[in-house]
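# Understanding the architecture of this molecule
Spelled out, the chains give:
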Amino acid sequence: MSNMFCFQCEQTAGGKGCTQVGVCGKKPDVAGKQDELTCALIGLARAAAGKNPGKECDQWVMQGLFATVTNVNFDSERIDELIMKVTAEKAALGGASDFSTGMLWNGDPDMVSLRTTLLLGMRGMAAYAWHAYVLGKTDPDVSNWFYKGLKALEEEHSVDGWLELLMEFGRINLKCMALLDEANTSTYGHPVPAKVTMRIEKGPFIVITGHDLLDLEQLLRQTEGKGINIYTHGEMLPAHGYPELRKYAHLKGNFGTAWQNQQKEFDAIPAAVLFTTNCLMPPKPSYGDRVFTTAVVGYPELRHIPEGPNGVKDFSAVIQKALELGGYPEAKIFTGINGGSELMTGFAWNTVLGVADTVIEAVKSGAIKHFFLVGGCDGAKAGRNYYTEFVKKAPGDTVILTLACGKYRFNDLNIGEIGGLPRIMDMGQCNDAYSAIQVALALADAFHCGVNELPLTLVLSWYEQKAVCILLTLLALGVKNIYLGPTLPAFLSSNVVNVLVEKFNIKPISSPEADLKAILG
């Protein structure tokens, strides 16, 4: 008899679903609470139909969906608090019954597959909407679509009806990513190319991980002049490209690699670690006492930093722990998985389009024969070395655009330049898929062709729900011939996979050699 059911991430047990305990470490009671929260959100959408829920309600919808993203919140008490908030908002709107948890993952396999795809996409979009929200940016089209999408989950639709909803969602998620791009760039400036060291200086330091740039900014302000250095980790690496963050002299570099290596890399670390978003893994005793969470992140017994008045957080406990631990007695140089100790980031759309003439001329002259977007989520499952080998084996007249934490498979490699431009260009966090889309659209316009006619191939890795919303946006834009791995999602039924293959020619990855040959001939 199963204690839970969850198949939302790429590492789900047996490629089918976690039924006893989550591969991520999620316990059955937390999985059950998250299902209850999801069904309460559907009930809230029922109550909100035909009404104006308001910004307070909008924020609990965003937080509620965000908290159910993989590796975000493992704390059943925190999930209970969210359920209470959602229930109170529902009552304020006149009340409605919740969706049945027994129906959430059950029914016709194809309908469950399509319903789940929409739900998981909305979970991913909620993370992006929340990051924009805390920087003061909202879009009523995005906010309203959460209610529409949640309400649609309880309704009957044909396969074509579901596909139409998914494509509509993909277009809305593009607006959401544009909103977050505007929030980030209007607050911190457009990213510029930056070299980032993996050298950790001696003395106290704090490692900050996740995606929330506002948390990083507040931490930088509160640590200024205190003799504490700040190092990014995981998806926070692209913060080094933003001028208004890079101006802080104590933002020194990047610690470690992608999220799935944290239990090894954080082992006995003499520093405080702050998780602003996913991906949190159950901490080991050797460093659990120095890990802090904030925003929607939660784990039992870890110290949580709440939001204070006017959105300001008090990170004094994190700072005190860093001073107490003292850091390394001497400087220490770490490396990426390929042995490099310097990373580059900051190649967002504004930078790349700023050298568009150079790029276009390189394509026309034959110096650049093909572009690959190799990016997405990293993970622990075997087979992800495919992406390292793909980049290593890509011919010297190709350019690798990348984003999200999947880049750690190869971002410490030096594979040369073309026309003064590095062959590997890190465009940013996962939400910066928006940058890749803008570059692709601009190139298509310059060459008077469609995106699918460009010498451009997307080779994507997925792990969690943000990858789902990005994929749906790409499909909604009509992008075809995407290579996806390391495995196809367990929540996609065979019939749904066939539809996606037929409509969009999605291809599962095979081997780097075979895929490069198929793409380049």
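This text follows the structure it describes.
To continue, consider the overall build of the chain. A count of helices and strands for the chain gives 18 helices and 18 strands. For the chain, the spread of C-alpha atoms along the principal axes amounts to about 60 × 60 × 45 Å. Looking at the chain as a whole, 60% of its 521 residues are labelled buried. Expressed as a percentage of contacts within the chain between residues at least 6 apart in sequence, the contacts between residues at least 24 apart total 74%. Total accessible area on the chain is roughly 19,500 Å²; 52% of this is exposed by carbon and sulfur atoms.

Pairing in this open sheet of 6 strands is parallel, and the strands run E15-E12-E11-E16-E17-E18 from one edge to the other. Looking at strand neighbours, the two that pair on one side only are strand E15 (424-426) and strand E18 (507-508), the edges of this open sheet. Packed on one face of the sheet, helix H18 (residues 512-520) meets strand E11 (370-376), strand E16 (456-461) and strand E17 (483-485) and runs near 140° to E11.

What follows concerns helix H17 (residues 494-504). Residues Val496, Val497, Leu500 and Phe504 constitute the buried set of H17. Taken around the axis of H17, the buried residues stretch over an arc of 105°, which confines them to a single face. Turned more than 90 degrees away from the buried face of H17 sit Ser494 and Glu502, all of them exposed. Each element contacted by the buried residues of H17 is listed here: helix H5 (109-134), helix H7 (159-188) and helix H16 (465-476). One or two steps after H17, the chain reaches Asn505, where phi turns positive at roughly 55°.

Tracing the backbone shows Thr185 in helix H7. Overall, Thr185 belongs to the buried group, its relative accessible area being 13%. For Thr185, the side chain forms a polar contact with the main-chain oxygen of Asp181, separated by 2.7 Å. Sequence-distant contacts of Thr185, defined by excluding residues within four places in its chain, comprise His190 and Pro191.

Moving on: the sheet that holds strand E5 (residues 251-254). Pairing in this open sheet of 6 strands is parallel, and the strands run E5-E4-E3-E6-E7-E8 from one edge to the other. Only two strands of the sheet have a single partner each, and these edge strands are E5 and strand E8 (303-305). Going across the sheet, the axis of each strand differs from the next one's by a mean of 30°, ignoring polarity.

This next bit is on the packing of aromatic side chains. Inspection of every chain in the model, using the stated rule, returns 20 aromatic pairs. Both rings, one in Trp145 and one in Phe169, keep their centres 5.7 Å apart while their planes meet at 55°; by these two values the pair is tilted. Placement of Trp145 in helix H6 (residues 140-153) and of Phe169 in helix H7 is noted, with a sequence separation of 24 residues between them. For Phe169, a relative accessible area of 0% puts it in the buried group. Taking 5.6 Å as the distance between ring centres and 85° as the angle between the ring planes, the aromatic pair formed by Phe205 and Tyr231 counts as edge-to-face.

Scanning all chains against the criterion turns up 23 salt bridges. We note a salt bridge from Lys148 to Glu168, for which the minimum N-O separation is 2.6 Å. Pair noted here: Lys148 is in helix H6 and Glu168 is in helix H7, with a separation of 20 residues, a long-range link. By relative accessible area, Lys148 is classed as partly exposed at 41%. Ionic pairing is found between Arg409 and Asp378, a salt bridge with its closest N-O pair at 2.8 Å. A residue pair is termed long-range when its members are at least 10 positions apart, and Arg409 in the loop between strand E12 (398-402) and strand E13 (417-418) and Asp378 in the loop between E11 and helix H14 (385-393) qualify at 31 residues. Each member of the pair, Arg409 as well as Asp378, carries the same accessibility label: buried. Here the salt bridges share partners, and the residues they tie into one network are Arg46, Lys151, Glu154 and Glu155.

Further remarks concern unusual backbone geometry. Among all residues save glycine, negative phi is the norm, and among peptide bonds the norm is trans. The residue after Asn278, namely Cys279, is reached through a cis peptide bond having omega 15°. Summarising the element assignment, Cys279 is placed in the loop between strand E6 (272-275) and strand E7 (291-294). The residue Asn71 is not glycine, and still its phi comes out positive at about 65°. You can see Asn71 is positioned in the loop between helix H2 (55-66) and helix H3 (76-92). Taking the relative accessible area as the measure of exposure, Asn71 reaches 3% and is therefore buried. The backbone of Ala404 sits at a positive phi, close to 65°, despite the residue not being glycine. Mapped onto the elements, Ala404 comes out in the loop between E12 and E13.

Before going further, it helps to examine the environment of Ala295. Positionally, Ala295 belongs in the loop between E7 and E8. For the pair Ala295 and Ile305, spaced 10 residues apart in sequence, the C-alpha separation works out to 7.6 Å. Sequence-distant contacts of Ala295, defined by excluding residues within four places in its chain, comprise Arg78, Thr276, His304, Ile305 and Lys313.

The rules we used
Residues numbered from 1 in each chain as written. Predicted model: local features only at pLDDT ≥ 70, side-chain atom pairs only at ≥ 80, totals over all residues. Heavy atoms only, no water. Helix = DSSP H or I, 4+ residues; strand = E, 2+ residues; numbered from the N terminus. Buried < 20%, exposed > 50% of the residue type's maximum accessible area, 1.4 Å probe, protein only. Contact = heavy atoms within 4.5 Å. Areas by Shrake-Rupley, 256 points an atom, 1.4 Å probe, with all protein chains shown as cover. Pairing = 2+ DSSP bridges. Axes fitted to C-alpha atoms, helices over the stretch in contact; angles between N-to-C directions. Arc of directions from axis to C-beta. Polar contact = N/O pair within 3.5 Å; in protein donor to acceptor, adjacent residues only side chain to side chain. Phe/Tyr/Trp six-rings, centres within 6.5 Å; stacked < 30°, edge-to-face > 60°. Salt bridge = Lys/Arg side-chain N within 4 Å of Asp/Glu carboxyl O.

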